[in-house]
Amino acid sequence: MQEAIVITEQPVSVSVPAGYAFTLRCRAEGRTPLQYQWFCQHQSVCCPVPGATRQDLPVTAQQTQLYTCRINDLYKNAVFTNWVKVEVHQCVARGLPPRLWQGEPVIILNPMEQSGEVGKPLQLQCAAMGVPAPRYQWYRNGNLLEHQKKKKLWITHAKVSDSGTYLCCASNSHGECWTSAVDIHIDMCRSEKFFATGKIALLVGNNHYQHHPNLMAPVTDVFELSLLLEQLSFQVVSLLDLNKAEMVTAISRFLQLLGKGVYAIFYYAGHGYEHSGRNYMVPIDAPQPYAPENCISVQRILQKMQQQQTALNLILLDTCRKWYNPECALSQVQPLEPWGNTIYGYATNVRMSPYSCRSEDAEAYELQDGEFTSGIFMKYLKKHILQEKKVTHMLEDVLEDIGQDPLVTGKQVMEIKHTLKEARSLTDPIYPLGATAECWGCSHEPLSKMVIFPCGAQVELHFHWLFSNLMYVCAKLQPAPDHVADARLLLCQPTEMDHTAILKECHLDQVESLLASVYKREELDCVFQLCGLQKIQTDVVLQLDLHYTQLSTKQRTCESLQTTLQKSLLGQFFSQRNYSQPSYQTTPACTGSMCLQVVSVLSGDPKGQASLRTGSGHSLPSSNPSNSSGEPEENDENDLSELCSALLRAGPGQDYP
């Protein structure tokens, strides 16, 4: 059914000088004769315009006001047009607008050149007249600024990359006009120039639980964050699927390496919960139901980090904070108050039921992006983490984006707590260069070496560390000699060893997808996966079988080559070597092989086989799971401190507790 009144032409907003005469107009159709009444609003007062009962309203601009028109028919049906703004400029330069002005945009205010400081607000302003009122679009260095479409360009926290040449385009249906270009310089204030003596990060992602629902996002989230942190000059250890003893070991060694002036990041993705005002991370071997003594206390990690005189501590938890036992009275949340330059952020602070983490009704949501699954928190963290701004401002941008995501609106809320009084940024440089601990971090750049079969065929081996405890051994057959045809390569483990079950059970399709996305998987002939490297206690022997046809005899032949991967190469993060804490003030840049960044050398032995040797370097202290101290009980605050102290006191030739 046709509507009683249909507006066919809406009035339009205008931007004009004081005293300028123009006409607002509207058009409508109805089944009976129509009546019109214009209204204006100024300073929140709306009233009818006397005598304004026609389609056209002549106006002589005096002050900025809003206008609308009511249209009604004889059946008492009524509609209102859109509100339009009549913007009146009281002071404009002589000669503006031009004498034969037709309403095309005319710039009356150009932006001004200025200098700013990192972290401070930046505002540029312009203005234009036009009928209809002009639209605005800002540009920097010739590039369109997607979200800057108003007269005022506003940047809440300026960064160095905001420096450049700015100008704005004002346009309407009659044409466009450009402001003059201005140069903006954003400098880092001398008092805000900060440096790190080192940058260290520990990332833990627990996916495959023994007694709880498995997760998917931590694999992708930890991998992507490790790549981003390496771009920021962090030395990163990224670990997947750790039990409680392994988590305690990793955290203890992480804490050992922190020192004065260091920037430290701890990130955890996996199951978690809140109990008695404390937050806990759930290892993969936690029983069901679990108790605090089965898990890792976040507050204690934060406390130990703060005691190391670090320049920046950042803890990020991409986990639920559900209440541990809904049958018990809820405790008052009294988290440990941070001090110093400390920030900790939770991906969510919503209370949920037990074991709902990352499930259909969970609070820390996962999303599917092509073949990868990642968390909502990581989706926006990786968007902002490389920005040159104060860490808290960066996290506030993440919080804002999460709050605007329609998938989690009202369901997932990020929480940030901090005492960061200095404008420290994750992009701050390291000084003196190379002061970060030599024995921390794993490069994603693959090691490689060529091996030669007796027939002369060559195979290039690549060793890819996607995570610090997960390696891929990849083999690529080079062009075969003339007397070899139809060559096929097989990479396998020739003998059953104690850790074989570990290698077979940890098959991760998502990790294989990450490998394919980073290293042209389609060019590889065969791949062998080694994960849970911290559990491997012996050398791993891999066998390369080359099947080919000898052209001279037309017979199929098989040749084998064995490669030994020493446990010191595989499990360097959990190796048995001694380690002493480095000096962050005097440690020179690493010039040789590093514990988790070694240069490998393949050499043939007298039997024609190849063995793998690792370069020399320092390694971290070991922690036998059977002897490791577990996470302290609720009433035992000193166990972790004593463990770290004992590790630090131990010197060359001493046993670790």
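Coordinates for the structure precede this section.
Residues numbered from 1 in each chain as written. Predicted model: local features only at pLDDT ≥ 70, side-chain atom pairs only at ≥ 80, totals over all residues. Heavy atoms only, no water.

1. Regarding the overall build of the protein
Here is step 1 of the chain: Helices and strands together make up the secondary structure of the protein, namely 9 helices and 41 strands.
Here is step 2 of the chain: Looking at the protein residue by residue over its 657 residues, the buried ones come to 52%.
Here is step 3 of the chain: Long-range pairs, those at least 24 residues apart, make up 71% of the contacts in the protein between residues at least 6 apart in sequence. (Helix = DSSP H or I, 4+ residues; strand = E, 2+ residues; numbered from the N terminus. Buried < 20%, exposed > 50% of the residue type's maximum accessible area, 1.4 Å probe, protein only. Contact = heavy atoms within 4.5 Å.)

2. What about the sheet that holds strand β34 (residues 458-467)?
Whether parallel or antiparallel, the strands of a sheet pair through hydrogen bonds between backbone atoms.
Here is step 1 of the chain: What the 4 strands build is an open sheet, ordered β33-β34-β35-β37; its pairing is antiparallel. Across the chains shown, the open sheet's two edge strands, defined by having one partner strand only, are β33 (447-452) and β37 (526-531). Each strand axis lies, on average, 20° off the axis of its neighbour in the sheet, ignoring direction.
Here is step 2 of the chain: Where strand β35 (residues 470-477) and β37 come together, 6 bridges link them in antiparallel fashion. Residue pairing for β37: cysteine 474 is matched across the bridge by valine 527. (Pairing = 2+ DSSP bridges. Axes fitted to C-alpha atoms, helices over the stretch in contact; angles between N-to-C directions.)

3. With respect to the nonpolar core
Here is step 1 of the chain: In this structure, Leu229, Leu381, Leu395 and Leu426 are the most contacted members of the largest nonpolar core, which totals 45 residues.
Here is step 2 of the chain: In terms of residue count, helix α1 (residues 217-231) provides more of this core than any other element does, 6 residues in total.
Here is step 3 of the chain: When sequence neighbours within four positions are dropped, the list of residues in contact with leucine 381 reads Leu225, Leu316, Met394, Leu395 and Val398. (Core = buried A, V, L, I, M, F, W, Y, C linked by side-chain atoms within 4.5 Å.)

4. Points about the layout of surface pockets
Rolled over the atoms, a probe with the dimensions of a water molecule shows which regions are left empty.
Here is step 1 of the chain: Computed from the structure, the largest pocket encloses a volume of approximately 850 Å³.
Here is step 2 of the chain: Taken together, 22 residues line the largest pocket, and the ones lying closest to its centre are His147, Gln148, Trp154, Ile155 and Lys389.
Here is step 3 of the chain: Listing elements by their share of the lining of the largest pocket, those giving two or more residues are β17 (152-155), α4 (376-384) and α5 (391-404).
Here is step 4 of the chain: When residues of the lining of the largest pocket are assigned to their parent elements, the largest contribution, 6 residues, is made by α5.
Here is step 5 of the chain: The residue inventory of the lining of the largest pocket, partitioned by class, reads 4 nonpolar, 8 polar and 10 charged. (1 Å grid on protein atoms, 1.4 Å probe; cavity = no way out; pocket = protein on both sides within 12 Å on 5 of 7 lines; lining within 4 Å. Points joined across faces, edges and corners; volume = space filled by probe spheres on them. Nonpolar A, V, L, I, M, F, W, Y, C, P; charged D, E, K, R; others polar.)

5. Some words on the pattern of salt bridges
Here is step 1 of the chain: Here the structure, examined in full by the defined rule, presents 13 salt bridges.
Here is step 2 of the chain: The closest approach of N and O atoms between glutamate 9 and arginine 25, which form a salt bridge, is 2.9 Å. In this pair, glutamate 9 sits in strand β1 (residues 5-9) while arginine 25 sits in strand β3 (residues 21-25), placing the two residues 16 residues apart along the sequence.
Here is step 3 of the chain: On the accessibility criterion, glutamate 9 (28% relative accessible area) is partly exposed.
Here is step 4 of the chain: For aspartate 162, the salt bridge is made with lysine 159, and the minimal N-O distance between the two is 3.6 Å. (Salt bridge = Lys/Arg side-chain N within 4 Å of Asp/Glu carboxyl O.)

6. Things to note about the environment of lysine 193
Here is step 1 of the chain: Tracing the backbone shows lysine 193 in the loop between β20 (182-187) and β21 (198-205).
Here is step 2 of the chain: Distance from lysine 193 to arginine 424, taken between C-alpha atoms, is 8.2 Å for residues 231 residues apart in sequence.

7. A look at helix α2 (residues 244-256)
Here is step 1 of the chain: Helix length check: α2, at 13 residues, gives a terminal C-alpha distance of 18 Å against a target of 18 Å (1.5 Å per residue), a fit within 8%.
Here is step 2 of the chain: Counting buried positions along α2 gives 13 out of 13 residues, so the element sits mostly inside the fold.
Here is step 3 of the chain: The backbone nitrogen of alanine 245 lies 3.2 Å from a side-chain oxygen of the residue at the head of α2, namely asparagine 243. (Expected span 1.5 Å × (residues − 1). Polar contact = N/O pair within 3.5 Å; in protein donor to acceptor, adjacent residues only side chain to side chain.)

8. A few points about the environment of alanine 475
Here is step 1 of the chain: Mapped onto the fold, alanine 475 is located in strand β35.
Here is step 2 of the chain: Residue alanine 475 is classed as buried on the basis of its relative accessible area of 0%.
Here is step 3 of the chain: For the pair formed by alanine 475 and leucine 461, sequence separation is 14 residues and the distance between their alpha carbons is 4.7 Å.

9. With respect to unusual backbone geometry
Here is step 1 of the chain: Valine 131 connects to proline 132 through a cis peptide bond whose omega is 0°.
Here is step 2 of the chain: Tracing the chain through its elements places proline 132 in the loop between β14 (127-129) and β15 (135-140).
Here is step 3 of the chain: For the bond running from glutamine 288 to proline 289, omega is 0°, close enough to zero to count as cis.
Here is step 4 of the chain: Even without glycine at this site, serine 233 takes up a positive phi of about 70°.
Here is step 5 of the chain: Tracing the backbone through its elements, the reader meets serine 233 in the loop between α1 and β22 (235-240).
Here is step 6 of the chain: Phi is positive for glutamine 309, which is not a glycine, with a value near 60°.
Here is step 7 of the chain: By the secondary structure assignment, glutamine 309 is in the loop between α3 (298-306) and β27 (312-318).

10. Description of the sheet that holds β27
Here is step 1 of the chain: Ordered by their spatial adjacency, 6 strands build an open sheet running β22-β21-β23-β27-β29-β32, and the pairing between neighbours is mixed. The sheet is open, and its two edges are formed by β22 and β32 (415-418), each paired on a single side. Pairwise comparison of adjacent strand axes, ignoring direction, gives a mean angle of 10° for this sheet.
Here is step 2 of the chain: The pairing of β21 with strand β23 (residues 262-269) spans 8 bridges and is parallel.

11. Brief notes about the packing of α2 against α3
Here is step 1 of the chain: One way to put it is that α2 packs onto α3 with a least axis distance of 10 Å and a crossing angle of 20°. Classified by the angle their axes make, α2 and α3 are roughly parallel. Along this stretch, α2 crosses α3, giving a crossing that reads as right-handed. Where α2 abuts α3, its residues Ile251, Phe254 and Leu255 lie against Ile301, Lys304 and Met305.
Here is step 2 of the chain: Within the contact of α2 with α3, the residues separate by chemical class into 5 nonpolar, no polar and 1 charged. (Parallel < 35°, antiparallel > 145°, perpendicular 65-115°, else oblique. Left-handed = near helix turned anticlockwise from the far one by under 90°.)

12. Some points on the pairing of strand β39 (residues 555-565)
Here is step 1 of the chain: Examined bridge by bridge, strand β38 (residues 540-550) and β39 share 11 bridges and lie antiparallel to one another. Bridging across to β39, valine 540 finds its partner in leucine 565.
Here is step 2 of the chain: Counting the residues in the hairpin turn of β38 and β39 gives 4 residues, including lysine 554, whose phi is positive at 60°.

13. Brief notes about the packing of α1 against α4
Here is step 1 of the chain: Interaxial distance between α1 and α4 falls to 10 Å at its minimum, and their mutual angle equals 10°. By the criterion of interaxial angle, the relationship of α1 to α4 is roughly parallel. Contacts from Asp221, Glu224, Leu225 and Leu228 of α1 reach α4 at Met378, Leu381 and Lys382.
Here is step 2 of the chain: A class-by-class count of the residues in the contact of α1 with α4 yields 4 nonpolar, no polar and 3 charged.

14. A few points about α1
Residue pairs spaced three or four apart in an α-helix point in one direction, given the helix's 3.6 residues per turn.
Here is step 1 of the chain: Here α1 contains 15 residues, and its C-alpha end-to-end distance of 22 Å stays within 8% of the 21 Å for a straight helix at 1.5 Å per residue.
Here is step 2 of the chain: By the criterion of burial, α1 is predominantly enclosed, with 11 of the 15 residues buried.
Here is step 3 of the chain: Buried residues of α1: Ala217, Pro218, Val219, Thr220, Asp221, Val222, Phe223, Leu225, Ser226, Leu228 and Leu229, and no others.
Here is step 4 of the chain: Following α1 by one or two positions, serine 233 has its phi on the positive side, about 70°.

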